[in-house]
Amino acid sequence: MTTVRLTTAQALVRFLANQYSERDGQQQRLIPGVWGIFGHGNVAGIGQALLQAATTGEADLPYYLARNEQGMVHASVAYAKMRDRLAVFACTASTGPGSTNMITGAALATTNRLPVLLLPSDMFATRAADPVLQQLEDTRGGDVTVNDTFRAVSKYFDRISRPEQLIPAALAAMRVLTDPVETGAVTLALPQDVQAEAHDWPIEFFRRRIWHVGRPVPEPAAVERAVALLRNAKKPLIVAGGGAVYSGAETVLRAFAEGTGIPVADTHAGKGAVPWDHPYAVGGIGSTGSYAANELAREADVVLGIGTRYSDFTTASHTVFANPDVTFVNLNVARLDAVKHSAEPLVADARLGIQALAAALTDWEVAPEYRRHTRQLIARTREIEEACFTVGHGPLPAQTEVLGALNDVLDDRAVVINAAGSMPGDLQQLWRARDPKAYHVEYAYSCMGYEVAAGVGAKMADPTREVVVLVGDGSYLMMAQEIVTMVSEGLKVIIVLVQNHGFASIGALSESLGSQRFGTKYRYRDGDSGQLDGEILPVDLAANASSLGADVLHATTVEEFRAAMEKAKAATRTTVVHVETDLYGPNPPGHGWWDVPVSQSSALESTQTAYTTYAAHKQAQRHYL
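Note that this is a predicted model, so its numbers are computed, not measured.

Chemist: Please clarify how empty space enclosed by the protein should be interpreted in this entry.
Modeler: One water molecule sets the probe size; rolling that probe over the atoms shows where empty space is left. Within the structure shown, the criterion is met by six cavities of 30 Å³ or more. The space that makes up the largest cavity amounts to roughly 140 Å³. Contributing to the lining of the largest cavity are 18 residues, with Lys271, Trp276, Gly283, Glu385 and Trp431 lying nearest its centre. Sorting the residues of the lining of the largest cavity by element identifies strand E14 (281–284), helix H14 (368–389) and helix H16 (423–430) as the ones contributing at least two each. Residue contributions to the lining of the largest cavity peak at four residues, all from E14. Looking at side-chain class alone, the lining of the largest cavity contains seven nonpolar, six polar and five charged residues.

Structure, rendered in structure tokens:
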């Protein structure tokens, strides 16, 4: 057996550079590069290996410098999302806090079923210098390190305590990263001494490997059962989730809706699978869903879920599907999701599953009255949207007016990124996506701080698209550092920084739950009340963005915002468009409910009133059995 002597880190770099994924005959690099921040623990291991690879040309694995470890995981996840999970970055971090900073990103990746390879540095495997700087000493055992916290948020975890352990662990990591069912965060914890330890590696370990991402074929009997339910449906509804996008099922889904007349609602991850102006597109569904989608959901007798995991926002906390006889048919590559809500499961690739259903239903469609009903609901929804876009609020504009202007000035291929705050709810109702990659809202983990970092990953994944980050001041203050990365990498991203001096979403939620927006405004502490309800803080976020290297434009009205966006589109550098909006809305009208418990016992009248409302909503909540 021919071998080559390399350190563990050098072997890992060479291995990663030779991994490829393939689907439908198209191959691409599985690991296009490595994000990292170096410190003790990885600077002499992975850092040296990446330097050696770049200097000698022995491995093609580019290195990218991030400014925050959580941010680099977010950038990697956004890249994978844009690439339909067929390409994924690796992330290396130093021992201790550098590595644990990646845990939130790992949780986000796994919750969203998006792949990322994490390489946290670990303590000495030999324990020669024990305890070392930043080491957690655990009285339960000497083999416990802070990196064990990755186990709960990773789809695969391994600690490489001997060089030769890398071979089975690396292969297992690639298997999970390329599995549509199991994918998520994959963590290989690398003790710092093992990274630098040399070993004689079999040359075959470094051969070019192609990981084939298959399309599971639907079982004929399962198709028959699903078709039987759909044939008997009078008011069916499709709920399209992220799986419809990742499988590239957009074209067949649109044709299926047209042929059968079944309207299509979408989740955040599924928006754009059917263009917003398609005759059977009824918009977002659930807690912040559209009028049309939620009205149809309340009447639906059969719900065909395609690639959705049915979060509580999708089901409006188990209230939106209100028909007492509603039945679910779930087409999903993962059985976990296919069987939810006592559904008839159709475990298969979304595209192949839709094709199988369409082939069996060529002689069936909904009644003409149902098609007319759908069109009427869509027309009413458009009226609601236009009212939000043209509300004429003052003196500060409403956030909905800003979104209306954005809808107008951006083309169909522009990517809009958001994750948290009041904007996801507004966007689900109001954003008009015609392209499956145009709507990039992370709402499985809804992580504040995702947006700016995700802009980096999305732009790297497709430099031909305009990438627009929508971020409120709350999320911006959580994590804006990757603006520096945009600048250093020469990436042109537009950041729309919406400042309303508080947490608009959680403030409105607090008010609705009787908690009076407590602790949700950016204010001085008042000397009389002792609460944070004094004057507005003199925070200049635009100046902060400028100091990080971005160009900054200001807008105080919707008209000025439109003009600023045109300038930002024409720019060649990362540009921040700063606009202030009213913290108190108005927001789009609500058509759904979200279960957030209210105190059953309270001395506050506002909480008592809120509990009465909450208890009434709970009456509509049910299990789908």
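Chemist: Before we go on, may I ask you to explain the sheet that holds strand E15 (residues 302–306) in this structure?
Modeler: In sheet architecture, strand pairing relies on hydrogen bonds along the backbone and comes in two forms, parallel and antiparallel. Across the sheet, which stays open at both edges, the six strands sit in the order E14-E13-E12-E15-E16-E17 with parallel pairing between neighbours. Strand pairing shows two members of the sheet lacking a second neighbour, E14 and strand E17 (344–347), which therefore form its edges. Going across the sheet, the axis of each strand differs from the next one's by a mean of 20°, ignoring polarity. Direction of pairing for E15 relative to strand E16 (residues 327–332): parallel, over a ladder of five bridges. Residue Val302 lies in a different strand from E16, and its bridge partner there is Thr327.

Chemist: Sorry, what's going on with the layout of surface pockets here?
Modeler: Of the pockets and cavities examined, the largest pocket occupies roughly 1100 Å³. Lining the largest pocket we find 45 residues, and of these Thr288, Ser505, Ala508, Leu509 and Trp594 sit closest to its centre. Counting only elements with at least two residues in the lining of the largest pocket, the list comes to H16, helix H18 (473–478), helix H20 (504–512) and helix H23 (605–618). Classifying every residue of the lining of the largest pocket gives 21 nonpolar, 20 polar and four charged. Each pocket or cavity is described by its volume, and for the second largest pocket that value is around 800 Å³. Secondary-structure elements contributing two or more residues to the lining of the second largest pocket are helix H5 (103–111), helix H9 (242–246) and helix H12 (335–338). Counting residues per element, the lining of the second largest pocket draws most heavily on H9, which supplies three residues.

Reading guide: rules and limits
Residues numbered from 1 in each chain as written. Predicted model: local features only at pLDDT ≥ 70, side-chain atom pairs only at ≥ 80, totals over all residues. Heavy atoms only, no water. 1 Å grid on protein atoms, 1.4 Å probe; cavity = no way out; pocket = protein on both sides within 12 Å on 5 of 7 lines; lining within 4 Å. Points joined across faces, edges and corners; volume = space filled by probe spheres on them. Helix = DSSP H or I, 4+ residues; strand = E, 2+ residues; numbered from the N terminus. Nonpolar A, V, L, I, M, F, W, Y, C, P; charged D, E, K, R; others polar. Pairing = 2+ DSSP bridges. Axes fitted to C-alpha atoms, helices over the stretch in contact; angles between N-to-C directions.

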